[in-house]
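Residue-level listing of the chains:
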Amino acid sequence: MASVATLTNSELDELARKVDEALAAVRTLSPEAQRPALDLKNAIEAFHKLGLTKIIQRLKEDPRGKELLFELVDDPAVYALFAMHGLVREDLSVRAARVLDTVRPYMQSHGGDVELVSVSAETIVVKLSGSCNGCSMSAVTLRNTVEEAIHEHLPQIRNVQVAPNEPDHAHADADSAKAGFVPLGSIAGTPKLDHGWTLGPPAADVQEAVPFRWDADSTSILIVRFHGRLQAFRNECAHLGMPLDGGSIDPESGVLVCPWHGFRFDCASGECLTVPEAQLEALPLRVEQGRVIVRTAA
Ligand code: FES
């Protein structure tokens, strides 16, 4: 077998399967016989969780460490380890959107684009536009690019489905048809877009490291910009659900501090730095024609 550092996803799956089989075999034993094995398992897991928690906390204190941590979490093996110990919350839509972000420049350089429609435990639905449409060789290649990225970074997702394009929208406006989005010029007020997406404020209104509150119908949303990158969260603190828009963001570390009881959050990921198990609810966000668009419903 390859060294641990170079294990493939299928080899990792094999290791996980062996662990599951060993555990299942232990559970067939009498309670007395099970106890030493389960005690050993629990002790090793607690030991690992303690060490991992300290490593994560230390990395989060340093901007370079935090960047490295986010890179590490993109590795399926690291993510699985953190998830096993409850150190990351499984937010598939945010992870899926990030994976699509990695292929978007390539897609756009070939005249195409990709949009996340929905993601569930095993299935992701995307919408492809531009030169991704049709059955030409380049369209097939672009679709394969999306599938390969999903399979590499989110191996738990088994099905990649492509949602049909909507001709009425796709041809209503030349630019928008090219991008595959609903034309903003045809939208008045703050209507719902397709698939729970809602038109928000101009992206330029959201200043660096200044919490921005935007109320979309019955949903209060917090939009933050850190190092130029926009993120949206439900405007509810993970502690007692109070609004976060009166809080502050440290421009150096990107730490958002709740104004009510001082819980601290990483404003890039929503992770709570005060209580590791807590997390802000991230909402998928995209910017189109200078406007922020957030998905507020599934
Ligand atoms: S409500 Fe945010 S810290 Fe208590």
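Residues numbered from 1 in each chain as written. Predicted model: local features only at pLDDT ≥ 70, side-chain atom pairs only at ≥ 80, totals over all residues. Heavy atoms only, no water.

Let us now look at the overall build of the chain. Looking only at helices and strands, one finds 8 helices and 13 strands in the chain. Buried residues in the chain amount to 40% of all 298 residues. Considering only intrachain contacts with a sequence separation of at least 6, the fraction spanning at least 24 residues in the chain is 49%. Of the roughly 16,100 Å² of accessible surface on the chain, a fraction of 57% belongs to carbon and sulfur atoms. (Helix = DSSP H or I, 4+ residues; strand = E, 2+ residues; numbered from the N terminus. Buried < 20%, exposed > 50% of the residue type's maximum accessible area, 1.4 Å probe, protein only. Contact = heavy atoms within 4.5 Å. Areas by Shrake-Rupley, 256 points an atom, 1.4 Å probe, with all protein chains shown as cover.)

The mixed open sheet is built from 3 strands, whose spatial order is 1-2-3. What marks the edges here is a single partner per strand, and that holds for strand 1 (112-119) and strand 3 (159-162). Taking the axes of each pair of neighbouring strands and ignoring which way they run, one obtains an average angle of 30° across the sheet. With 7 bridges joining them, strand 1 and strand 2 (residues 123-130) adopt antiparallel strand pairing. Looking across to strand 2, one finds that Val114 is bridged to Leu128. Strand contacts of helix 5 (residues 92-109): strand 1 and strand 2, with the helix running at about 170° to strand 1, the strand carrying the most contacts. (Pairing = 2+ DSSP bridges. Axes fitted to C-alpha atoms, helices over the stretch in contact; angles between N-to-C directions.)

All right, on to the pattern of salt bridges then. A complete count under the given rule lists 10 salt bridges for this structure. Among the ionic pairs, Arg104 bridges to Asp101, the shortest N-O distance being 2.6 Å. Pair noted here: Arg104 and Asp101 are both in helix 5, with a separation of 3 residues, about one helical turn. Judged by its relative accessible area of 36%, Asp101 falls in the partly exposed class. (Salt bridge = Lys/Arg side-chain N within 4 Å of Asp/Glu carboxyl O.)

The subject of this paragraph is the packing of helix 2 (residues 31-60) against helix 3 (residues 63-73). With their axes 6 Å apart at the nearest point, helix 2 and helix 3 run at an angle of 125° to one another. One finds that helix 2 runs oblique with respect to helix 3. For the pair formed by helix 2 and helix 3, the contact residues are Ile56, Leu59 and Lys60 on the first element and Gly65, Lys66 and Leu69 on the second. Within the contact of helix 2 with helix 3, the residues separate by chemical class into 3 nonpolar, 1 polar and 2 charged. (Parallel < 35°, antiparallel > 145°, perpendicular 65-115°, else oblique. Nonpolar A, V, L, I, M, F, W, Y, C, P; charged D, E, K, R; others polar.)

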